[in-house]
Amino acid sequence: MDQSQLLYDRAVKVMPGGVNSPVRAYRSVNMCPRFIAKADGPFVYDEDGRRYIDYVCSWGPMILGHNHPVIREAVEKAVKDGLSFGAPTRREVEMAELMVELVPNIEMVRMVNSGTEAVMSAIRLARGATGRDKIIKFEGCYHGHSDCLLVNAGSSALAGGHPSSAGVPEDIVRHTLTAQFNDLPSVEALLSAYPQEVACVIVEPVAANMGVVGPAPGFLAGLRKLCDQYGALLIFDEVITGFRLALGGAQAYYGVKADLVTFGKIIGGGMPVGAYCGSRALMEQVAPCGPVYQAGTLSGNPVAMAAGLAQLRYLKDHQEIYAKLNQKAAWLAGEMDRSAKKHGVALAVNQVESVLSPFFVPTEVTRFTDAKGSDLQRYARYFAGMLHHGVALAPAQFEAMFLSAAHTKAELEETAQAAEETFAGL
Ligand SMILES: *Cc1c(COP(=O)(O)O)cnc(C)c1O
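Residues numbered from 1 in each chain as written. Predicted model: local features only at pLDDT ≥ 70, side-chain atom pairs only at ≥ 80, totals over all residues. Heavy atoms only, no water.

Participant: Just checking my understanding: could you explain unusual backbone geometry for this structure?
Facilitator: When glycine is set aside, most residues are seen to have a negative phi, and most peptide bonds are trans. The omega torsion across A287 and P288 is 10°, close enough to zero to call that bond cis. With respect to the helices and strands, the residue P288 is situated in the loop between α9 (280-283) and α10 (302-317). Despite not being glycine, S58 shows a phi value in the positive range, around 60°. Looking at where S58 falls in the secondary structure, it is placed in the loop between β3 (51-54) and α2 (69-79). (Helix = DSSP H or I, 4+ residues; strand = E, 2+ residues; numbered from the N terminus.)

Participant: When you look at the nonpolar core in this model, what are you seeing that I'm missing?
Facilitator: Most often, soluble globular proteins keep nonpolar side chains buried together rather than apart. The biggest cluster of nonpolar side chains holds 115 residues, and the ones touching the most others in it are M99, F138, F243, I267 and L315. The residues contacting M99, other than those within four sequence positions of it, are I106, V109, M111, F243, F263, I267, A275, C277 and L312. Counting 20 residues, the second-largest nonpolar core is a separate cluster that includes A118, I123, I135 and L233. (Core = buried A, V, L, I, M, F, W, Y, C linked by side-chain atoms within 4.5 Å. Buried < 20%, exposed > 50% of the residue type's maximum accessible area, 1.4 Å probe, protein only. Contact = heavy atoms within 4.5 Å.)

Participant: Would you take a moment to explain the packing of helix α11 (residues 320-342) against helix α14 (residues 409-424) for this structure?
Facilitator: When two helices pack together, their arrangement is given by the angle between the helix axes and by the axis-to-axis distance. Their axes nearest at 9 Å, the elements α11 and α14 cross at an angle of 20°. On the basis of their axis angle, the class for α11 and α14 is roughly parallel. You can see that α11 and α14 cross each other, and the crossing is right-handed. Contact residues: α11 offers K328, W331, L332, E335, M336, R338, S339, A340 and K342, while α14 offers L412, E413, T415, A416, A419, E420 and F423. (Axes fitted to C-alpha atoms, helices over the stretch in contact; angles between N-to-C directions. Parallel < 35°, antiparallel > 145°, perpendicular 65-115°, else oblique. Left-handed = near helix turned anticlockwise from the far one by under 90°.)

Participant: Please explain helix α13 (residues 376-388) as it appears in this structure.
Facilitator: In an α-helix, one full turn covers 3.6 residues, which means residues spaced three or four apart are oriented alike. Given a rise of 1.5 Å per residue, 13 residues ought to cover 18 Å, and the 18 Å separating the end C-alpha atoms of α13 matches this to within 8%. For α13, the complete set of buried residues consists of R378, Y379, A380, Y382, F383, G385, M386 and L387. On its buried face, α13 sits against β3, α11, β14 (355-359), β15 (391-392) and α14. A distance of 3.2 Å separates the backbone nitrogen of Q377 from a side-chain oxygen at the start of α13, and that oxygen is part of D375. (Expected span 1.5 Å × (residues − 1). Polar contact = N/O pair within 3.5 Å; in protein donor to acceptor, adjacent residues only side chain to side chain.)

Participant: Would you explain the environment of K372 in this entry?
Facilitator: Structurally, the position occupied by K372 is in helix α12 (residues 368-372). Placed 182 residues apart in sequence, K372 and L190 show a C-alpha to C-alpha distance of 23 Å. What K372 contacts, discounting residues up to four positions off in sequence, is E139 and F398.

Nothing here speaks to function; it is all geometry.
Quick look at the structure:
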């Protein structure tokens, strides 16, 4: 038996499902999860020392690859001065200044400890600032695990949703309305049904938690227009897209302004960090300036800020990374498409910059309903095949493949070869 199996047997006795976050448990692919001992560049190594080319990249943060020396050194330096002070620090100011410089349309930043916390707080702020209770989210978009966002669309969209998790009261999701991604009329129907009641529309500008689905031309601009028309705020949840699509995130990439923007993942460089940002007028509604309460014992933690700052500064100084990431991802998407066709595997590969998803469907995927049509058994076999060939993918269809600056031509070619052999056996 291998070490992962041995550790997993111990883990399930003392941790629910053996994990601290559900998707890590490999349930959708019916396998024993790999326990990772270390990571470097484009590779992760399991407890038995097996090497995998990694496309999970910690679910997004590791855009420079694992164990990047610049980030590691920044963390080592910060650790020497103490781990946490519960007081303001220089690095927090530098971090906020850098984010304001790089991200369009934001004037102020509040740091928190996770993407979940960032989104939860941004929604509280949107409600506090507008004095409205209802929010609109899109089916298949993920915004963390706070209560009001754990919702399934109800039988009638206008009636509000049902909790998608036990432990969430119906009353709490009563105010959460669900629209369809890439379907503006579904948003307009909700806004016109509740013209004075919707505080905000929240969207992943590139949906990356139903697999990767990019916004249709005009979709994001259309949301902007509808929000303006109905006095609702537009929130871009850029926990994945921030500093990934482009240095300025989705607002810069698509040229659409959001009122509030949430970040996580990349801005922590691998440490637990989130942030929500917006105009001064909005952000000064937050405590201690304004009536919207939000706080955090470890928020802006000096070690976390050191990691995040190092990563953002590196990206700022090496902007050529973005074009290269896009080229690499496009090449890989093309190769997967080519070998799928060759072996008669029905596959649609969606790619937006450095995130991509192969969906096992015969049609293209532009909506959540298309993504749901994917053959999940086939994904599971594909996942197992790739893992066997030393390629670690997300252990679930409805996740993204993340490329990092550390993936070189050699790893990409090895991956394409693995896909070719795996497709041949599907
Ligand atoms: C990961 C993610 C979150 C939640 O972030 P956590 O740090 O896991 O709490 C929120 N929104 C999006 C778009 C995400 O991908």
